Amino acid sequence: MKSTTCMALVLTVVAGLLVSCVTAPSTRGEKEALLAEAASTMRQMTTEDPTLGTLVQRGYGYALFPKVTKGGLVVGGAYGRGVMYEQGQHIGYADLSQGSVGLQAGAQAYSELLVFENKSALDRFKAGQVNFAADASAVILKSGVATDATFVDGVAVVVRPIGGVMLEASIGGQQFTFQPK
């Protein structure tokens, strides 16, 4: 399913529930492209902040969403497809869906890295039990900032802006789904 279709589904916020999309890429070519994009994004992120490697090594595993597309005008949504790693090994794919409501206008794209402090945090993610509310704490990537990333409930979040402009004062949350490879 193309990300524009998923974005339209994400914008459907019914009774506070987010609608998720199919998690794993459907073809071998799509899987290889997502893996290559994730590897390239991780290289770019660690080039921008070499301390990011230390954060990832401290964790038990991580999910990397190379490109999350977000947009909104009063009602907003975001969608991104990512790759999951456990102790350095590729274990599957993940989706990030976000819904929000409030004062907001614009569109933006960013990369998001979730680092899981321990096996318990990773297992909660894989079971669909990790969701972020509006007050979730994320570190914006720039040189040296990954050393400031803290684990909250076993998860540290690092965001790397790609482009766009989004003005917002809204409430919402992120929901994740996981599919083994």
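About the thresholds
Residues numbered from 1 in each chain as written. Predicted model: local features only at pLDDT ≥ 70, side-chain atom pairs only at ≥ 80, totals over all residues. Heavy atoms only, no water. Patch = residues over 30% accessible without salt bridge, like charges linked within 9 Å, V, L, I, M, F, W, Y side chains within 5 Å. Areas by Shrake-Rupley, 256 points an atom, 1.4 Å probe, with all protein chains shown as cover. Salt bridge = Lys/Arg side-chain N within 4 Å of Asp/Glu carboxyl O. Helix = DSSP H or I, 4+ residues; strand = E, 2+ residues; numbered from the N terminus. Core = buried A, V, L, I, M, F, W, Y, C linked by side-chain atoms within 4.5 Å. Buried < 20%, exposed > 50% of the residue type's maximum accessible area, 1.4 Å probe, protein only. Contact = heavy atoms within 4.5 Å. Pairing = 2+ DSSP bridges.

Student: Mind laying out a nonpolar patch on the surface, listing which residues take part and the relevant values?
Tutor: Where nonpolar side chains cluster on the molecular surface, the patch consists of Leu73, Val74, Val75, Val101 and Ile171 and spans about 480 Å² of accessible area. Examining the composition of the nonpolar patch, we find that 3 residues originate from one element, strand 1 (residues 61-86), more than from any other.

Student: Break down the nonpolar core for me, with residues and values.
Tutor: Ranked by internal contacts, the top residues of the largest apolar core, which has 22 residues, are Phe65, Met84, Leu114, Phe116, Phe125 and Phe176. Residue assignment for this core shows that the elements contributing at least two residues are strand 1, strand 2 (89-116), helix 4 (119-126) and strand 5 (155-180). Looking at which element gives the most residues to this core, the answer is strand 2, with 6 residues. Aside from chain neighbours lying at most four places away, what touches phenylalanine 116 is Gly59, Tyr60, Gly61, Tyr62, Ala63, Met84, Ala121, Leu122, Phe125, Phe151, Gly154 and Val155. Grouped together as the second largest cluster of nonpolar side chains are 19 residues, Leu52, Val56, Tyr62 and Ala156 included.

Student: An account of unusual backbone geometry is needed here, citing residue identities and associated values.
Tutor: As a rule of thumb, non-glycine residues mostly have phi less than zero, and peptide bonds are mostly trans rather than cis. For valine 74, which is not a glycine, the phi torsion comes out positive at approximately 70 degrees. You can see valine 74 is positioned in strand 1. For glutamine 87, which is not glycine, the phi dihedral falls at a positive 50 degrees.

Student: An account of the pairing of strand 2 is needed here, citing residue identities and associated values.
Tutor: Of all 28 residues in strand 2, 20 are buried, a share of seventy percent or more. Where strand 1 meets strand 2, 23 bridges bridge the pair, whose relative direction is antiparallel. Within strand 2, the position partnered with glycine 80 by the bridge is leucine 96. Hairpin geometry of strand 1 and strand 2 is characterised by an intervening segment of 2 residues between the two adjacent antiparallel strands and by a positive phi of about 50 degrees at glutamine 87. For strand 2 and strand 5, the ladder comprises 25 bridges, and the chain directions are antiparallel. Considered in strand 5, the bridge of alanine 105 is made with leucine 167.

Student: Can you break down the pairing of strand 5 residue by residue, with the values?
Tutor: The pairing of strand 3 (residues 131-132) with strand 5 spans 2 bridges and is classified as antiparallel. The partner of phenylalanine 132 across the bridge, within strand 5, is glutamine 174.

Student: An account of the pattern of salt bridges is needed here, citing residue identities and associated values.
Tutor: Inspection of the entire model under this criterion finds 6 salt bridges. Ionic pairing is found between aspartate 95 and arginine 81, a salt bridge with its closest N-O pair at 4.0 Å. Of the two residues, aspartate 95 is situated in strand 2 and arginine 81 in strand 1; the sequence distance between them amounts to 14 residues. On the basis of relative accessibility, which here comes to 15%, the residue arginine 81 falls in the buried class. Of the charged contacts, one joins glutamate 86 and lysine 126 as a salt bridge, the two residues approaching to 3.5 Å between their closest N and O atoms. Here the residue glutamate 86 occupies a position in strand 1, and lysine 126 occupies one in helix 4, the gap between them amounting to 40 residues. Residue class for glutamate 86 comes out buried when judged on its relative accessible area of 16%. Beyond isolated ion pairs, a larger network of salt bridges with shared partners links Glu86, Lys119, Asp123 and Lys126.

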